[in-house]
Structure formats: structure tokens, C-alpha cells
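# Summary of structural features
Here is how the chains run, residue by residue.
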Amino acid sequence: MDKLVVILTFFLTHFFIFPLGNFVNGTTITSCTQTPYPDVCNFYMGNSLNVAANLDQTQFSFRDVAIQVTLSQAVQAHQLVSSMDSSSFDQRAKLAWNDCVELYEDTIHLLNLSKNTKNPIDSQTWLSAATANQQTCQNGFIDFNLASHLQTLPSMLGNFTKLISNSLAINKATTVTSSTSHSNFAKQVANRRLLSDGFPAWLSVADRKLLQTTGAPPKADIVVAQDGSGNFKTITEAVAAAGGGKRTVIYVKAGVYKENVDIKRAAKNIMLIGDGIDATIVTSSKNAQTTTTFRSATVGVSGDGFIARDMTFENTAGPQKHQAVALRSGSDFSVFYRCSFKGYQDTLYVYSQRQFYRDCDIYGTVDFIFGDAVAVFQSCNIYIRRPMSGQKNTVTAQGRTDQNENTGIVIHNSRVTASSDMKAVQGSFKSYLGRPWQKYSRTVFMKSSLDGLIDREGWLPWSGNFALSTLYYAEYMNTGAGADTSGRVKWGGYHVIGATEAAKFTVGNFLAGNSWIPGTGVPFDVGL
């Protein structure tokens, strides 16, 4: 680390604070009073001139200092959590604690990325992902009814969550008010066009061709086959053999692969290609009765640039086991094309960062598309299954905890309908488009077909009046028997929107997809 930064961080976190107005550089946030948690801001970033007099202030903007301070505290938090004596924890508490250790380590990585980029949109994504990590650490204990164990975690962690929230607010102000970045972003939006073959531009030409081909990829780096005809018999072995960060194409031949696959952050640019939906199946039955929701995923992906094509991801725990994830993605710039996700409660965990789903099938009952990513679903089939007796179905449960996060779930040009087991009994169960898992939950359904099993109110409360005025739920030009908005909920956060507002949630604007999806070769619609 740069010596100057070390000195700066030490003083900032132990003794002194800068006069924040000196670090504004044109942003609207000029002091701690304009952050969500001004007291925490003042405590860590104070107002003494003693240090500032001896340092070259031009190297540090207010935003840079805020993120550096937050990073310094993340390192301390990770050290404290890692060194905790967990010998007194029962097995479930240890599972939740293990999640926290990994999530704090990931948060350090995300804050480092945020500090070192000049792109405020990227940093807002990574800071939002760090926010999701904080919430998930807590969720592990809460889901096991071990909220009292949270008191055993170092008390500084509460302040750390507030530091991330302040950093989000400061960085967002940089994004919105920096004339240079704003005009560049406007130019990017104006210049976005679909490529001539109907595919959009995160991915290389080679990746695009791989996604456009049918059947086995012509040049797979690794072949997985249960009959021994490939390089490995399991996907886990194949992922372990991939390396170097370059695009690694793993062809998974038809078969049922009973395994839990964990693709770590270091395993970047993995591409799984199967022989088709319901031909290549990865399946497991982990669930929240025996592990955390985060760990229940049949396939969990953290490495950036992940792509899957022609695969089925399944969790067979069943509705009685409650939370049971088929796939969890925290992979930035991840793409899923012609894939199927099968489960009941919490089928698809769109955990964090930027994700795009095209021509996919998603099956479930309660909150079955959930998480805190920037996620867009296009031309997908969403199948509501038969739940347990007395349950209500909810398609989405978006997990945005901070109003400055850039996250949300967007369902575009897709279809919501009953699965085969639900069709005969759909009159016996109520089904909704979503409910607010967290305070600033954000979900938009646009130009999609909503079948008659969707309740006329459309959306379901989580608990009492929680989040009903702070959430953002919107519908635009949907069709079908369940699309009539005249009987919808009257919450302050619910909106029937027009084209101008809906355009904010297109692939081009919400995902900035034209800059990265084309490289994947997945077809997409950049606008409405």
C-alpha cells in the first residue's frame, strides 16, 4: 500500500479528521451532515486540520477518503470476526459465522475495487454488493433464530454498516453531479445500439459465437461426462482445473450431476455449456433446515464473468424444507442463456452485482427470484408451482436495504404462468408478483404477460406496513388476465409507470448492458 495512504488511514481511523469541504471536487455532498449517518461520518472522518496541513490534499477527494476509511474498517472487522472464539457456538451458529468470515473478506475485495476505479457506476455496484454482504452476514443468524448471537459479533460492525451506507451516498453524489462522468454516461446511453446480429457488448466475439452455437462447443477447454468419456466426471473437478482468468469453456455432457458446485471469486470467466434444459442437470437438496440460505445453493458462483448455457440448476429439497436455493450468483457481468432453475422457496438467488437472464425458465413458490443484484430477466418463462397448504406464492423478494444502492429486479418481455402441477389448483392459492424483503425493495415488471393466477392486488406485504412507502414497485404495459392494475395495492411505493420512467429499467440503462452483454453472444433488447 502507498506509504501516504497508510499514514492517512492510520490518522483517519485513530485520531483526526479532515475538513470535508476540502475534498468535494464538485459533488453535492460537502460535509458529514449530508450523509445518512453524520455522527459516524464525523467520528471517523472528523474536522481537525492537523494532519491535512502535512499532506497533499489534491490526491484525495472526499469520496476517496470515505471509501479508504471504510476499507480500513473492513480490514479490522474481518480480523475481529476471523479471530473470534467460536468454540461456544453450536453447529448452526458456526455455519452463520463462517459465512460472515467469507463475506467480510469479499467486502475488502469490493472496497478495494471501488477505491481504485474512476467509474462511479462500477463503484456503486461494488458498494451495493458490499451492503448485501453485510445484510447476509446477519441473515445467517436471523434465519436460524439466533439473533441473540449477533451480540457476540464485535460492536464495531454496526458502525461499519453505516460507513458503507455513507460511502454509497457520497459515491452516488459523485455519479450524479460530476459533469464529466454524467455527460460521458449520457453519451454511452445515446450511442447504444443493438449489433446487427441481434446480440448486445460485454463479451468478446469468441464468447458470442460460443453462445450462438447449438450443441457441444467446438473447442471446449474441459469436458465433463459421467461415463468417463471426458476429462472429469464432476463439474466441481472441472472448475478446480480451470484457471488463469481467461475464458474457460467447460462442456457438461447430458446427465444428472448430483453435486454442490462452489465457484469461488478467484475462478473468473468460467463458461458452463450443457446439452440443453433437462438434458444436463445439476441437482442437490441442501436447505435452510441444515445450513444457511446462502450455502444451500446447488451451484454458487462468485467468480466474475460467469456464463451458463443450456443447463438446468435444481434444488429438490421440496417446499416443506423452506429456503432451498438452486443457483446463487454474485458474479459481476454474469449471463444465463437458455437455462432452467427449479426449486420451491428461494429458487434463484440473484445475490449481487450485474446479471442478465435470457430465454430462461424459473420455477418456484415463495420468493423464488430473490436477492440484491442488478438483475434483468428478458424473454423468460416464470412458472409458479403448487405451494404447501396455507402458503401464498410470491415471484420476487428483492433485498435492497439502502436507498442509494443501484440494485433491483427487472422482468421484461417475459411470461408469468402456472406450472403443470399448479394449473389444476391455482384457484386454491393466492399468487403475487412480489413482496418487500428489505426496506428499499425495487422490482419492475415491463411488457410481460401475467396470467390470471396473479391476484388483483398484485403485491403482498412482508409484515404490516414495513417498507410500503419506501419500496419501489412498478408495472408498465403488461398484458394478460393478471395484468389489470385497477385493483392493485395503494401503497406509496407502488407505481403504474409510463415509457419515460420504464426506459430507466431497460438493459441499456439499468444494466448498462450494451457495454458488456454483446461479448457474451446472448441476444438482448437494449430498450423497451
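Below: a short report on this structure.

Quick notes on the rules
- Residues numbered from 1 in each chain as written.
- Predicted model: local features only at pLDDT ≥ 70, side-chain atom pairs only at ≥ 80, totals over all residues.
- Heavy atoms only, no water.
- Helix = DSSP H or I, 4+ residues; strand = E, 2+ residues; numbered from the N terminus.
- Expected span 1.5 Å × (residues − 1).
- Buried < 20%, exposed > 50% of the residue type's maximum accessible area, 1.4 Å probe, protein only.
- Polar contact = N/O pair within 3.5 Å; in protein donor to acceptor, adjacent residues only side chain to side chain.
- Disulfide = S-S within 2.5 Å.
- Pairing = 2+ DSSP bridges.
- Axes fitted to C-alpha atoms, helices over the stretch in contact; angles between N-to-C directions.
- Parallel < 35°, antiparallel > 145°, perpendicular 65-115°, else oblique.
- Left-handed = near helix turned anticlockwise from the far one by under 90°.
- Contact = heavy atoms within 4.5 Å.
- Nonpolar A, V, L, I, M, F, W, Y, C, P; charged D, E, K, R; others polar.
- 1 Å grid on protein atoms, 1.4 Å probe; cavity = no way out; pocket = protein on both sides within 12 Å on 5 of 7 lines; lining within 4 Å.
- Points joined across faces, edges and corners; volume = space filled by probe spheres on them.
- Domains from an automatic or database assignment.
- Core = buried A, V, L, I, M, F, W, Y, C linked by side-chain atoms within 4.5 Å.

Our next topic: helix α5 (residues 120-143). Every α-helix carries 3.6 residues per turn, so stepping three or four residues along brings you back to the same face. Between its first and last C-alpha, α5 extends 34 Å over 24 residues, near the 34 Å set by a 1.5 Å rise per residue. Counting buried residues in α5 gives 20 out of 24 residues, a clear majority hidden from the surface. Near the N-terminus of α5, the side chain that reaches the backbone nitrogen of Ile121, with its oxygen 2.8 Å away, is that of Asn119. With its phi angle positive at about 60 degrees, Asn145 sits one or two positions after the end of α5.

Let us now look at the state of the cysteines. Throughout the structure, instances matching the rule amount to two disulfides. Disulfide pairing places Cys100 opposite Cys137 at an S-S distance of 2.0 Å. Residues Cys100 and Cys137 share a disulfide whose torsion about the S-S bond is about 95 degrees; that sign makes it right-handed. Highlighted residues: Cys100 in helix α4 (residues 91-116) and Cys137 in helix α5, separated in sequence by 37 residues. For the pair formed by Cys100 and Cys137, the shared burial category is buried.

Once that is clear, we can look at the pairing of strand β16 (residues 366-371). Every regular strand shows the same layout, with side chains that alternate between the two sheet faces. Summarising burial for β16: six of the six residues are buried, a large majority. In this structure, strand β13 (residues 348-350) lies alongside β16, joined through two bridges in parallel fashion. For Leu348, the partnering residue across the bridge sits in β16 and is Ile369. Sheet topology note: the β16/strand β19 (residues 393-398) ladder contains four bridges and is parallel.

To continue, consider the packing of helix α3 (residues 62-82) against α4. Running from N to C, α3 and α4 cross one another at 160 degrees; their axes reach a closest spacing of 9 Å. When the axes of α3 and α4 are compared, the pair comes out roughly antiparallel. Considering how the two elements wind past one another, α3 and α4 form a crossing that is left-handed. Residues Arg63, Ile67, Gln68, Thr70, Leu71, Ala74, Val75, Ala77, His78, Val81 and Ser82 of α3 lie in contact with α4, whose contacting residues are Trp97, Cys100, Val101, Tyr104, Glu105, Thr107, Ile108, Leu111, Asn112, Ser114 and Lys115. Of the residues contributing to the contact of α3 with α4, the split by class is 12 nonpolar, seven polar and three charged.

Attention now goes to empty space enclosed by the protein. Considering only enclosed or pocket space, the largest cavity measures out at about 80 Å³ in volume. Residue lining of the largest cavity: Ala132, Gln135, Thr136, Asn139, Tyr349, Tyr351, Gly371, Asp372, Gly399, Thr401, Trp437 and Gln438, and that is the complete set. Per-class residue counts for the lining of the largest cavity are four nonpolar, seven polar and one charged. The residues that make up the lining of the largest cavity include at least three from each of domain 1 (33-176) and domain 2 (217-520).

Counting 60 residues, the largest nonpolar core has Ile235, Phe313, Phe341, Tyr357, Ile362 and Phe377 as the members making the most contacts within it. When residues in this core are grouped by element, the largest group, three residues, is from helix α9 (residues 235-241). If you look at the next biggest cluster of nonpolar residues, it comprises 39 residues, including Ala74, Ala93, Ala132 and Leu153.

Now for α4. In this model, α4 (26 residues) spans 38 Å end to end at C-alpha, consistent with the 38 Å of a helix rising 1.5 Å per residue. N-cap assignment for α4: the residue whose side-chain oxygen lies 3.2 Å from the backbone N of Arg92 is Asp90.

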